[in-house]
Amino acid sequence: IVKFTLNGHFAETTKGTTILEACRTNDVFIPSLCYHPNLSPNEECNLCLVETDKTSKLSRACSTAVQEGMSIVTNSENVLNSVKHNLAMILSEHPKECTSCESNNRCELQDLVYRYGVIDKFPRKQREYIPKDYSSPSLIRDMNKCIKCYRCVKACSELQGMDILTIGPDGIPMTPKNKELYTTKCINCGACSFYCPVGAITENSQVREVSNLLKNKEGKSLVFQTAPATRVAISEEFGMEPGDISTGKMVAAIRKLGADVVFDTNFTADLTIMEEGSELLDRIKNGGTLPMFTSCCPGWINMVEKFYPEFIPNLSSCRSPQGMMSSLVKNYWAERMGMKPEDAVVVSIMPCTAKKDEACRDQLKTEQGLQETDYVLTTRELAKLIKLNNVKFASLKESEYNNPLGESTGAAVIFGNTGGVMEAALRTAYEIALEKPMPTLNYTPVRGFQGIKEATVDFGGIDLKVAVVHQASNIHDYMQKLKNGDFMHHFVEFMICKGGCIGGGGEPKSKTGDYLEKRMKGIYKIDDNFTVRKSHENQAVKKIYEQFFGHPLSHKSHHLLHTHYND
Ligand code: HC1
Ligand code: SF4
């Protein structure tokens, strides 16, 4: 324990704590643009300045540890003037495009300038213009807006182990050989956009297109689908806590926006379990390629195709639940409604930027070459659309999904957490193979934040060995070890974001340190509250097999629910 004074008040902290962390736990505001609790300190922005009695100069709070007896002052004239001066310097290099910027209203620079009443007083410092990079369907890079905080570089290297972004000779983050992002080995995970405090890297937004379509439908039916992880995060955009369950309000908001139908991606998560579970049992029985890898995370698919193409045969051939839903809407539901496939426009609400990229895959187009998922909005974009339309989210009366593609189980919602696809698959595969339910539905060995989780399930005669890996850097580690022969699993779940989809690059940029834990709890709470918690007990799924597909892995399901990959 270290004792110190903070703006004249006594306080305590543990040894080694930085001044910045100590201030934040004591509710004393410290400005910063380059610091983020999930990344190593950068010492770039020079805003977290404080006075201490240990030196006559101002200290950076992010990289100075609290010392015993230290006196820290954060609000002196000297500190405030220095912060204002440094903010004005950053502003002098920053394009003044706030009103049209994707990050307007969620920009950390804008917030600080407002909070400190900074006047844009310095002459504009002209930087050489950098062409904007629109190459990726997932992300837009406008490095003219970069404030050189390097959070994107750290997110890409430290968190994701991808090293696509490095610091260029002019101090601006660059791609390898300055190539357009989409032509690099970038997997479109969006971690860089999630950590960018300004509008230099943002999701490639389709808010305008969807907004226009909602206003003028031109005879089309607008069919929305919502991913598992969106329902425990969107609340944060409307002043509620991470993990607060907003399923009904989200559906109601989408209806208020003018959607004709709201289906649940969770329905096709249940369908995925039926197809993927059957595929696994088939591979085990008939000597197919093992370990089998899950295929619902599009960043992971990009990673296999770009880094580990020799493992493409290991990927399950199942489309992701997003892909399955869009295929069903265009090829099954539209026909039943007497509509042409092109008149059922699918808008997918996802926590993920890579889902925008997935939607463009050639393999996921109709026979006429139409994209089956027409638009993908991230959770952040949906929140923006709701705000733009003045819908009062918090006071909305809850609404239900449309059926039949809106019915789901507890097994489907846990897809949003790391380990969830595995847990859901085990609940079903165990019962199908052994004709009795798993002893416990809450299969804890695959839950939690450990980077690589392993478990062995007694599958009556065979020990089924499974693993769950999340966060791209851990995936690289796993794949290296798999290549070295250190691992021997039957089935492995991969998600490129920490925590799984709840940590997706398109989720709200929460300010609390424990937002992932809270979202994870929210997801498990939804599962606990369901009476039906196994995918094979979803009545609407049973019906679609009886009336349309016949059985899992049937000819029809291969055609509409499975895919192949780019090698
Ligand atoms: Fe996911 Fe999935 S769980 S990939 O993490 O399999 O994005 O939420 O929608 O498709 O269902 C994301 C989440 C999502 C798919 C499902
Ligand atoms: Fe790196 Fe992911 Fe950003 Fe691509 S999307 S540059 S892999 S952080």
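Computed from a prediction, not measured in an experiment: that's the story for all the values here.

Cut-off values and rules
- Residues numbered from 1 in each chain as written.
- Chains lettered and ligands numbered in written order.
- Predicted model: local features only at pLDDT ≥ 70, side-chain atom pairs only at ≥ 80, totals over all residues.
- Heavy atoms only, no water.
- Axes fitted to C-alpha atoms, helices over the stretch in contact; angles between N-to-C directions.
- Helix = DSSP H or I, 4+ residues; strand = E, 2+ residues; numbered from the N terminus.
- Parallel < 35°, antiparallel > 145°, perpendicular 65-115°, else oblique.
- Left-handed = near helix turned anticlockwise from the far one by under 90°.
- Contact = heavy atoms within 4.5 Å.
- Nonpolar A, V, L, I, M, F, W, Y, C, P; charged D, E, K, R; others polar.
- 1 Å grid on protein atoms, 1.4 Å probe; cavity = no way out; pocket = protein on both sides within 12 Å on 5 of 7 lines; lining within 4 Å.
- Points joined across faces, edges and corners; volume = space filled by probe spheres on them.
- Core = buried A, V, L, I, M, F, W, Y, C linked by side-chain atoms within 4.5 Å.
- Buried < 20%, exposed > 50% of the residue type's maximum accessible area, 1.4 Å probe, protein only.
- Salt bridge = Lys/Arg side-chain N within 4 Å of Asp/Glu carboxyl O.
- Disulfide = S-S within 2.5 Å.
- Pairing = 2+ DSSP bridges.

A. Geometry of the packing of helix α2 (residues 77-92) against helix α3 (residues 108-115). Look at α2 against α3: their axes get within 11 Å of each other, and the N-to-C directions meet at 135 degrees. When the axis of α2 is compared with that of α3, the two are oblique. With respect to the hand of their crossing, α2 and α3 are arranged in left-handed fashion. Contact residues: α2 offers Leu-87, Ile-90 and Leu-91, while α3 offers Leu-109, Leu-112 and Val-113. Looking at side-chain class alone, the contact of α2 with α3 contains six nonpolar, no polar and no charged residues.

B. Region of interest: the layout of surface pockets. Computed from the structure, the largest pocket encloses a volume of approximately 1200 Å³. In terms of lining residues, the largest pocket is bounded by 41 residues, among which Cys-101, Glu-102, Asn-104, Arg-106 and Lys-384 are the most central. Going through the elements one at a time, β6 (139-141), β9 (201-203), α6 (207-215) and α12 (379-388) are the ones with two or more residues in the lining of the largest pocket. Counting residues per element, the lining of the largest pocket draws most heavily on α6, which supplies five residues. Of the residues that constitute the lining of the largest pocket, the class distribution is nine nonpolar, 13 polar and 19 charged. Reported here for the second largest pocket is a volume of approximately 670 Å³. Taken together, 29 residues form the lining of the second largest pocket, with Arg-24, Tyr-35, Pro-37, Glu-108 and Lys-511 sitting closest to its centre. Elements supplying a minimum of two residues to the lining of the second largest pocket: α1 (19-25), α3 and α5 (191-195).

C. A look at the nonpolar core. Grouped together as the largest cluster of nonpolar side chains are 105 residues, with contacts concentrated most on Leu-109, Trp-300, Tyr-478, Met-479 and Ile-496. Ranked by residues supplied to this core, first place goes to helix α14 (residues 420-434) with seven residues. If sequence neighbours within four positions are ignored, Tyr-478 has contacts with Ile-452, Ala-467, Val-469, Phe-487, His-489, Val-492 and Phe-494. Ile-234, Leu-257, Val-345 and Tyr-401 belong to the second-largest nonpolar core, a separate cluster that totals 29 residues.

D. Representation of the pattern of salt bridges in the model. Evaluation of the coordinates by the stated rule reveals 36 salt bridges. With its nearest N and O atoms 3.1 Å apart, the salt bridge here joins Lys-355 to Glu-358. In this pair, Lys-355 and Glu-358 are both assigned in helix α11 (residues 354-359), three residues apart and thus about one turn of the helix distant. Exposure remark for Lys-355: the relative accessible area of 7% places this residue in the buried category. Assessed through its relative accessible area of 7%, Glu-358 is described here as buried. Among the ionic pairs, Lys-365 bridges to Asp-362, the shortest N-O distance being 3.1 Å.

E. Quick peek at the state of the cysteines. Evaluated as defined, the whole model comprises zero disulfides. A disulfide-free cysteine, Cys-149 has its sulfur positioned 6.3 Å from the sulfur of Cys-196, the nearest such atom. Accessibility expressed as a relative area gives 7% for Cys-149, which makes it buried. Note on Cys-318: no disulfide assigned, nearest cysteine sulfur contributed by Cys-296 at a separation of 9.0 Å.

F. Region of interest: the pairing of strand β16 (residues 462-470). Looking at chain direction, strand β15 (residues 452-459) and β16 are connected through eight bridges and run antiparallel. When the sheet's bridge partners are listed, Thr-456 is paired in β16 with Lys-465. Counting the residues in the hairpin turn of β15 and β16 gives two residues, including Gly-460, whose phi is positive at 55 degrees. Of the pairings in the sheet, the one linking β16 to strand β17 (residues 491-495) comprises five bridges and is parallel in character. Within the sheet, the bridge partner assigned to His-470 lies in β17 and is Met-495.

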